[in-house]
Amino acid sequence: MFKLLTLLISLIPLQKIKIILYNFMGIKICKKSKIGFFVIIYGRDISIKCSTLESLNFVSANNILLTDTIIKSGNFINNINKLEISSSTIGNLNKFIAGKKNYKEKNNLIIKSSEIFNNNLFDLTSSIYLEKVKIQSFNQFWTHGFDVYRKIKLGDIEVKNNIIINNKVIVLPGIKLANDITIQSGTVVHKSILEKGEYYSSLICKF
Amino acid sequence: MQILKIIISLIISLIPHNFLKVKLLNFFLSYKIDTKSKIGFFNIICINKVFLQNGEIGNFNYINIQEMNLLDTKISNFNRIYNFNIFETKNFSLVGSFNIIFGKNKQIGVLKMNKAQFTTSHIIEVNNEFFLDEDVVFGGINSIINSGKTLKKTKISKNVYFGSSIFLAAGSSICEKVLVGSGSTIHKDIIASGLYTSNTLKKSIL
């Protein structure tokens, strides 16, 4: 019911009325923020400050704090324990998905001063921390995997300070990336990188 | 005739009552669907022979093949399954959402799943015989599976897990207890158990 109400409010063309109604429902949105059409926001303790949430977004999380952030269209953010995004831009059609069993306790998504382009997938069975990162399109961040004996393996992903991740990169669970790193397209990051530089995992070969 | 079948199945799938939906599909299109099975909305099911027992087909699926036998199986939403001969699943198999399972000719191509699982957004090509044994899971997203043209069978044995965005060439055969890492390319047979990857991280020299 709450989801449906937020959806109906998002269809109102006047921003001011929209924000007043959201605040009336317990979603704290400042007057400088903008909410687009067909937006569903759902969860406890929601606070949106000076941010833009464009059309066709689905945000379902507890402890949402958006500050100076632009979230473009078609993003799907589902069942996250703590969502904190500040001074960042998130492009179109990104998915931030949590595992249903673990979402209440473990999974936090914290993004600071970062730029995320389109069509990325963030699996949030565990937590992801991104700070001063530029992430291009079609990347996958996995916080859960399986070992040889098919036991589930969880691990937080921590990516910080001047890191560029190019297209189609897969980052596996428990990865930490140190400062000043560039990861080339199509790379599978299967171990933590602690030394600065440029990294790749697939090479073209001549036979 | 096929267009008529498509229109009838689409109209029937719009009926909100599942029991009625199943009965009408059985009556008009001669399918064999038991009443325990569930059929979702906006499905186009255009198949010559259908046998569905205790199965579930979600919403917005397009299925156009020769023969389908589903036993205790779930097909989720937004899948496209078309242009191959036989699709046979049993023992709590699962096809997730947004998968494309296709072949090039309706007369060839067999996909058999026994307690196997495709998660989401995979592309599965079926131009040969493709067997998946117990506890085979294609995890993650965006994998290209059984791609290429060959007459050789593709056989995946028990307890095999594939990571995200893998490429599996047609005609490959994989033994039991294998784990394939994310982004790997499998172009030949795997005959010993263990963990296999085809990408290792390297530092480029500037």
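Not measured: the values here are computed from a predicted model. (Residues numbered from 1 in each chain as written. Chains lettered and ligands numbered in written order. Predicted model: local features only at pLDDT ≥ 70, side-chain atom pairs only at ≥ 80, totals over all residues.)

Asker: Explain the environment of Ser185(A) here, please?
Answerer: Residue and element names in this part refer to chain A. Inspection of the secondary structure puts Ser185 in the loop between strand S23 (181-183) and strand S24 (188-189). On the neighbour-count criterion, Ser185 (14 C-beta atoms within 10 Å) is partly exposed. Taking the C-alpha atoms as reference, Ser185 lies 9.3 Å from Gln136; in sequence the two are 49 residues apart. When near neighbours in sequence (up to four residues on either side) are disregarded, Ser185 contacts Asn166, Asn167 and Lys168. (Helix = DSSP H or I, 4+ residues; strand = E, 2+ residues; numbered from the N terminus. Buried ≥ 20, exposed ≤ 12 C-beta atoms within 10 Å, placed from the backbone. Contact = placed C-beta atoms within 7 Å.)

Asker: Just to check I follow, could you spell out helix H2 (residues 15-24) of chain A for this structure?
Answerer: All names here are of chain A. For H2, the full list of buried residues reads Lys18, Ile19 and Tyr22. Viewed along the axis of H2, the buried residues span an arc of 95°, placing them on a single side of the element. Exposed side of H2, more than 90 degrees from the buried face: Lys16, Ile17 and Phe24 are the residues found there. The elements touched by buried residues of H2 are helix H1 (2-10), strand S1 (28-29) and strand S2 (34-35). Positioned one or two residues after H2, Gly26 has a phi angle of 100°, which is positive. (Arc of directions from axis to C-beta.)

Asker: Before we go on, may I ask you to explain the interface of chain B and chain A in this structure?
Answerer: How big an interface is tends to be stated in terms of the accessible area lost upon association of its parts. The interface of chain B with chain A comprises 18 residues on the first partner and 19 residues on the second. Secondary structure elements with two or more residues in the side of chain B that touches chain A: strand S25 (194-196) and strand S26 (202-204) of chain B. Considering every element that reaches the side of chain B that touches chain A, the biggest residue donor is S26(B), with three residues. For strand S25 (residues 197-200) of chain A and S26(B), the ladder comprises three bridges, and the chain directions are antiparallel. Counted as the bridge partner of Glu198(A) is Ser204(B) from S26(B). (Pairing = 2+ DSSP bridges.)

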